[in-house]
Amino acid sequence: IIGSTYYSTWPSSLQRIATRACVSTSARSRSGVENLAAHGKKSLDNIRTIASSALFVAGFCRNSIAGATVRAFAMPSDEEEPVKTSVNEECRRILNEAMENDEDIKAVKRMGGVFNEIPIEYKNPRSSPGAAPTLYGRAVWTDTAADGRLFAPQEKRPVVFVVHAAVGQQEDFISWRLRSLAALGYVAFAVDMFGSDRAIWDSHKCKDIRMPLYEDRSMVIDRFLAGVNAAATRVPVADVSRCAIIGFCFGGMVVLDVARSLKLHDDLQLAISFHGILDGPKLYDPEKRPPTEIGHITRPKVMIYHGKADPFIPRENYDAFVTQMNGLGIDYTLREFDGVGHAFTRPEKITPSDIRGGFGYDARVAEETWEETKSLLQKYLLGLR
């Protein structure tokens, strides 16, 4: 019931309220649930929907669900910090507005399509400081694509794995991109690389949790493959035999590591990095398998979008990256944009402090690269040109 279509389309704040209502005695009265919901959403329609649904779910829980299952929905204590999905409210407003104005998402809504979103928890195969033993992904898909295609409830479709930036997958930018990809007819699966159930906004904590992944890049590959397995076994409409991976910033680094890895998933057809980290890490043991053999294993087409004014890519790292990619014989295209800095796809990166820090949204480049990404996905996952 918790994973139903209606529940999965609610914002995380409403989901938390509904879940708490399911295990609360206050859920026995409609007024009690409405009072709970009133703290999470201003819309009276959504409050009434969640109140009615929570009453039904609460009754089901009291009559049919064992205690162990209810504990799986246990809520954090009231003393915990509220969950932040953007660094501040202005950034949240900008990103939510971008999602609301996304033409593909709007097309799905105009046709009455429903977005399904479910959280997917799966085992973390490699522990590291600050990372939980569980990884927290999520999958999004819809029953109607923006181009008018209709999907049967259990109809399989290609998967696009989305790898988050430096703060984790539970942020508004990733939520937007998951929905925009789902609107195109794919299962969009957010892979968790951090083992955190929320975005990490503390810069020191974020750096500490990323550092082991920079130092041991095989851990990056193993956590990505755990996400692939989770999609294959936990998402009934996911066809991982047709899949692509895209990533932003830190996630762009993950994309490139996957494309260069000996452990590459056989069915990966396309890898796209947006303003990713470019370097030449040790991803294999040349004594056990020479680089000349690796080119026959790395199968996806790789597209790299890079701002030439990105201050986070030293020249020596850039050169090491190009040398390694050429040495591995990977089919890649490196598209570079003059005068463009880091995070050029993110519409909230527009403040003076962002610009001074080397960040900066570029609307033209963001639109151009996203439209090309859509075309590449059609070509490599759907066979359309």
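Since the model is a prediction, treat every value here as computed from it, not as a measurement.

Let us now look at the confidence of the model for the protein chain. As a general rule, the predicted coordinates of low-pLDDT regions are not to be interpreted in detail. Taken residue by residue, the protein chain gives an average pLDDT of 82. The fraction at 70 or more is 73%. Segment residues 1-9 is flagged for pLDDT under 50; beyond a separation of four residues in sequence, or across chains, it makes 24 contacts in the model. Here residues 19-78 scores under 50 on pLDDT; set against residues more than four positions off or in separate chains, the count is 66 contacts.

This part takes up the sheet that holds strand E7 (residues 301-307). If you walk across this open sheet you meet the eight strands as E1-E2-E4-E3-E5-E6-E7-E8, and the pairing is mixed. Of all the strands in the sheet, the pair left with one neighbour each is strand E1 (115-123) and strand E8 (332-337). If you compare each strand with its neighbour and ignore which way they point, the axes differ by 20° on average. One ladder, built from five bridges, connects strand E6 (residues 268-274) with E7; its direction is parallel. Considered in E7, the bridge of Phe-274 is made with Tyr-305. Against the sheet, helix H13 (residues 315-328) contacts E7 and E8, and its axis sits at roughly 155° relative to E8.

In a disulfide, the sulfur atoms of two cysteines are held together by a covalent bond. Taken as a whole, this structure holds zero disulfides when the rule is applied. With no disulfide of its own, Cys-206 lies 9.3 Å from the sulfur of Cys-249, the closest cysteine sulfur.

What follows concerns helix H10 (residues 217-234). If you check H10, its first and last C-alpha atoms are 26 Å apart, about what 18 residues at 1.5 Å a residue would give, namely 26 Å. The complete set of buried residues in H10 reads Arg-217, Met-219, Val-220, Ile-221, Asp-222, Arg-223, Phe-224, Ala-226, Gly-227, Val-228, Ala-230 and Ala-231.

Phi is positive for His-275, close to 35°, though the residue is something other than glycine. Within the secondary structure layout, His-275 lies in the loop between E6 and helix H12 (291-294). Here the phi dihedral of Ala-343 falls at roughly 60°; this positive angle occurs in a residue that is not glycine. You can see Ala-343 is positioned in the loop between E8 and helix H14 (352-356).

In this section: the nonpolar core. Core analysis: the largest hydrophobic core is formed by 53 residues, its most contacted members being Phe-161, Phe-189, Met-193, Val-235, Ile-245 and Val-302. In terms of residue count, the dominant contributor to this core is H10 (eight residues). Those residues within four positions of Val-302 in sequence are excluded, and the remaining contacts are Leu-256, Ala-259, Ala-271, Met-325, Ile-330, Asp-331, Tyr-332 and Thr-333. Residues Phe-115, Phe-337, Val-340 and Phe-344 belong to the second largest nonpolar core, which totals 36 residues.

It is worth spelling out the packing of aromatic side chains at this point. When we look at a pair of aromatic rings, we describe it by the centre distance and by the angle of the planes. Tallied over the entire structure, the rule returns 13 aromatic pairs. Relative to Tyr-305, the ring of Phe-274 has its centre 5.2 Å away and its plane inclined at 40°; by these criteria the two rings are tilted. Remark: Tyr-305 occurs in strand E7 and Phe-274 occurs in strand E6; sequence separation between them is 31 residues. Exposure remark for Tyr-305: the relative accessible area of 0% places this residue in the buried category. Seen in terms of ring centroids, Phe-312 and Phe-359 are 5.3 Å apart; in terms of plane orientation they differ by 50°. Their pairing is tilted. With Phe-312 in the loop between E7 and H13 and Phe-359 in the loop between H14 and helix H15 (363-382), this pair connects stretches of sequence that are 47 residues apart. Each residue in the set Phe-173, Trp-176, Phe-248, Phe-274, Tyr-305 and Trp-370 is aromatic and connected to the rest through ring pairs, giving one cluster. Arg-157 extends its terminal NZ or CZ atom over the ring of Phe-151, reaching a point 4.2 Å from the ring centre. Looking at Lys-349, its charged tip hangs above the ring of Phe-359, at a distance of 5.0 Å from the centre.

Reading the values: the criteria
- Residues numbered from 1 in each chain as written.
- Predicted model: local features only at pLDDT ≥ 70, side-chain atom pairs only at ≥ 80, totals over all residues.
- Heavy atoms only, no water.
- pLDDT = per-residue confidence, 0-100.
- Contact = heavy atoms within 4.5 Å.
- Pairing = 2+ DSSP bridges.
- Helix = DSSP H or I, 4+ residues; strand = E, 2+ residues; numbered from the N terminus.
- Axes fitted to C-alpha atoms, helices over the stretch in contact; angles between N-to-C directions.
- Disulfide = S-S within 2.5 Å.
- Expected span 1.5 Å × (residues − 1).
- Buried < 20%, exposed > 50% of the residue type's maximum accessible area, 1.4 Å probe, protein only.
- Core = buried A, V, L, I, M, F, W, Y, C linked by side-chain atoms within 4.5 Å.
- Phe/Tyr/Trp six-rings, centres within 6.5 Å; stacked < 30°, edge-to-face > 60°.
- Lys NZ or Arg CZ within 6 Å of the ring centre and 35° of its normal.

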